Amino acid sequence: MTGTRVGNRVIGAQAPVTVGWENIPKVEGGPVKQFVFTWFQPAMLFALIAFWYYAPNSIAKASTAVAIGIGFKALLLVLEWVNPRFDSWRLTWKEAATDLFYVAIGYTMLRLLDGYIGDDVMIDYVQKALHWDKFAWFMTLPLLVQAILISVLFDFGQYWMHRGMHNWYPLWVTHAPHHYITQLNINKGAVGNPVELFLIGLGIGGFFDFLPRAALLAGTFGLAVSVYQHINVRFNTPRWWRFLFNTTEHHSVHHSQDFEASRSNYSGTWIIIDRLFGTCVDGEAELLGMEGGRRMSIRETMVYPFAEVGKSIKHRLGRRSSDDQPIAVPAE
Ligand SMILES: [Zn+2]
Ligand SMILES: [Zn+2]
């Protein structure tokens, strides 16, 4: 089943993927601009880590994390406007309006999820189910080490979920709509079918009950690194950063119209996981999407997984009745 579906994807001959960091264009402009667009990403990461490390308990809460996330994304929108990576990815009113719709759905789901996570009965239940005392050693590790371990562990789960989505048809139908985006910008992470958001949410929920401060720090890695997956900004990403972390360049290859190239860079934050499992491609692509860049409507995005499952059931039933035919013929 997966094979035929995959065969339907158009492998665009006119969709080049640039491979190798040495072939990727650099930021154009004066020394100040060069400096800003080289060090912006690490500076923001370190600033956010410092914040969560030293913030008093009264403000070290999930609601602060959400507020910072919104402010940070507003700042990134300004960067996209100042220094876009591709002019063809510039925001149009149509793109902005549909993005807003998906972002609103995303926040609604986050609020629902938050209701469960904040629930004391739920936390109590999870702690008992996990035999929490077995993890006591974990709490003795330095806070930053805890945070990195949580972040890597979570991303490891997300890596396999994402890779599974690209290799197993029932998961693929939930993820496919996200691959119909034809440009990257800061809100594109929210574009997709809600069922997919739920599946990824399962991964988040599973790890949410570590020492809260460490979880908030881990969330900072997620925010300050994986946010660049979908962004239209040209950076001179430092070598150590792109070796360790996922970048906008990596994720554009994942979204490229070239089928083989798109089967790469599955991790959300730690691209080093892809390096470890041989799925990393260092490069970038401008022409994105499926079927040669067909833009999927909101309506189709919402019904896609269900429509595809319906089609495949119909197809199977149809094949079964035609399979019966040849058996009937020789019996004659
Ligand atoms: Zn994908
Ligand atoms: Zn994406």
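Residues numbered from 1 in each chain as written. Chains lettered and ligands numbered in written order. Predicted model: local features only at pLDDT ≥ 70, side-chain atom pairs only at ≥ 80, totals over all residues. Heavy atoms only, no water.

Applying the stated criterion across every chain yields a total of 20 aromatic pairs. Relative to Tyr304, the ring of Tyr180 lies with its centre 6.3 Å away and its plane at 55°, an arrangement referred to as tilted. In this pair, Tyr180 is assigned in the loop between helix 8 (169–175) and helix 9 (194–206) and Tyr304 in helix 15 (residues 298–328), connecting sequence segments 124 residues apart. Each of the two residues, Tyr180 as well as Tyr304, counts as buried. Geometrically, the ring pair formed by Tyr228 and Phe235 is edge-to-face, given 5.6 Å between the ring centres and 85° between the ring planes. Look at Tyr228 and you get buried, because its relative accessible area is 0%. (Phe/Tyr/Trp six-rings, centres within 6.5 Å; stacked < 30°, edge-to-face > 60°. Helix = DSSP H or I, 4+ residues; strand = E, 2+ residues; numbered from the N terminus. Buried < 20%, exposed > 50% of the residue type's maximum accessible area, 1.4 Å probe, protein only.)

For the rest of this paragraph, the subject is the pattern of salt bridges. Applying the stated criterion across every chain yields a total of ten salt bridges. Here Glu95 ties to Lys188 by a salt bridge, and the two come within 2.8 Å at their closest N and O atoms. One end of the pair, Glu95, is in helix 4 (residues 93–117); the other, Lys188, is in the loop between helix 8 and helix 9, with 93 residues separating them in the sequence. It is possible to trace a salt-bridge network through shared partners that takes in Glu95, Asp99, Lys188 and Arg295. (Salt bridge = Lys/Arg side-chain N within 4 Å of Asp/Glu carboxyl O.)

As a further point, take the coordination of the zinc ion (ligand 2). As a benchmark, a tetrahedral metal site with four donors has ideal angles of 109.5 degrees, while an octahedral site with six donors has ideal angles of 90 or 180 degrees. In this structure, His178 (NE2), His230 (NE2), His251 (NE2) and His255 (NE2) serve as the protein donors to the zinc ion (ligand 2), at separations of 2.0 to 2.1 Å. Here the zinc ion (ligand 2) is ringed by four donor atoms whose angles at the metal span 93 to 161°, and the overall shape comes out irregular. Within one chain, the residues donating to the zinc ion (ligand 2) are spaced in sequence as H-x51-H-x20-H-x3-H. Here the zinc ion (ligand 2) and the zinc ion (ligand 1) are spaced 5.9 Å apart. In this pair, His178 is assigned in the loop between helix 8 and helix 9 and His255 in the loop between helix 12 (248–254) and helix 13 (259–262), connecting sequence segments 77 residues apart. Here the two residues His178 and His255 agree in accessibility, since each one is buried. (Donors = N, O, S within 2.8 Å, 3.2 Å for Na, K, Ca; no water. Tetrahedral: all angles 85-135°; square planar, octahedral: opposite > 155°, others 65-115°.)

A few words on the coordination of the zinc ion (ligand 1). In the first shell of the zinc ion (ligand 1), the protein supplies His162 (NE2), His166 (NE2), His175 (NE2), His179 (NE2) and His254 (NE2), at 2.0 to 2.2 Å from the metal. Written as a sequence motif, the donor arrangement for the zinc ion (ligand 1) is H-x3-H-x8-H-x3-H-x74-H. Since its relative accessible area comes to 10%, His162 is described here as buried. Judged by its relative accessible area of 3%, His175 is buried.

Position of Val233 among the secondary structure elements: in the loop between helix 10 (212–226) and helix 11 (239–244). Judged by relative accessible area, Val233 falls into the buried class, the value being 0%. Counting along the chain gives 196 residues from Val233 to Phe37, while the straight-line C-alpha distance between them is 8.8 Å. Among all residues touching Val233, those that are not within four sequence positions of it are Phe37, Leu76, Leu79, Glu80, Asn83, Pro84, Arg85 and Thr248. (Contact = heavy atoms within 4.5 Å.)

One non-glycine residue, Asn265, lies in the positive phi region at around 50°. Turning to its location among the elements, Asn265 is positioned in the loop between helix 13 and helix 14 (271–277). Within the chain, Glu291 stands out as a residue other than glycine whose phi angle is a positive 50°. Among the secondary structure elements, Glu291 is positioned in the loop between strand 2 (283–285) and helix 15.

The terminal C-alpha atoms of helix 7 (residues 143–165) lie 33 Å apart, and with 23 residues this matches the ideal 33 Å at 1.5 Å per residue to within 8%. When we look at burial in helix 7, the residues that qualify are Leu143, Gln146, Ala147, Ile150, Ser151, Asp155, Gln158, Tyr159, His162, Gly164 and Met165. (Expected span 1.5 Å × (residues − 1).)

What follows is about helix 3 (residues 62–82). For helix 3, with 21 residues, the first-to-last C-alpha span of 31 Å sits near the 30 Å given by 1.5 Å per residue. Among the residues of helix 3, those classed as buried are Thr64, Gly69, Phe72, Leu76, Leu79 and Glu80. Taken down its axis, helix 3 places every buried residue within 150° of arc, on the same side. (Arc of directions from axis to C-beta.)

Interaxial distance between helix 2 (residues 31–54) and helix 3 falls to 13 Å at its minimum, and their mutual angle equals 170°. Accordingly, the angle class assigned to the pair helix 2 and helix 3 is roughly antiparallel. Contact with helix 2, carried on its side by Phe37, Phe40, Met44, Leu48, Phe51 and Trp52, involves Thr64, Ala65, Ile68, Phe72, Leu75, Leu76, Leu79 and Val82 of helix 3 and no other residues of that element. Looking at side-chain class alone, the contact of helix 2 with helix 3 contains 13 nonpolar, one polar and no charged residues. (Axes fitted to C-alpha atoms, helices over the stretch in contact; angles between N-to-C directions. Parallel < 35°, antiparallel > 145°, perpendicular 65-115°, else oblique. Nonpolar A, V, L, I, M, F, W, Y, C, P; charged D, E, K, R; others polar.)

Bringing the nonpolar core into the picture now. Counting residues in hydrophobic clusters, the biggest one holds 34 residues, and the most contacted among them are Leu45, Leu76, Tyr228 and Phe235. Elements with a minimum of two residues in this core: helix 2, helix 3, helix 7 and helix 10. Sequence-distant contacts of Tyr228, that is, excluding residues within four places in its chain, are made with Phe40, Gln41, Met44, Phe72, Leu76, Phe235, Trp241, Thr247 and Thr248. (Core = buried A, V, L, I, M, F, W, Y, C linked by side-chain atoms within 4.5 Å.)

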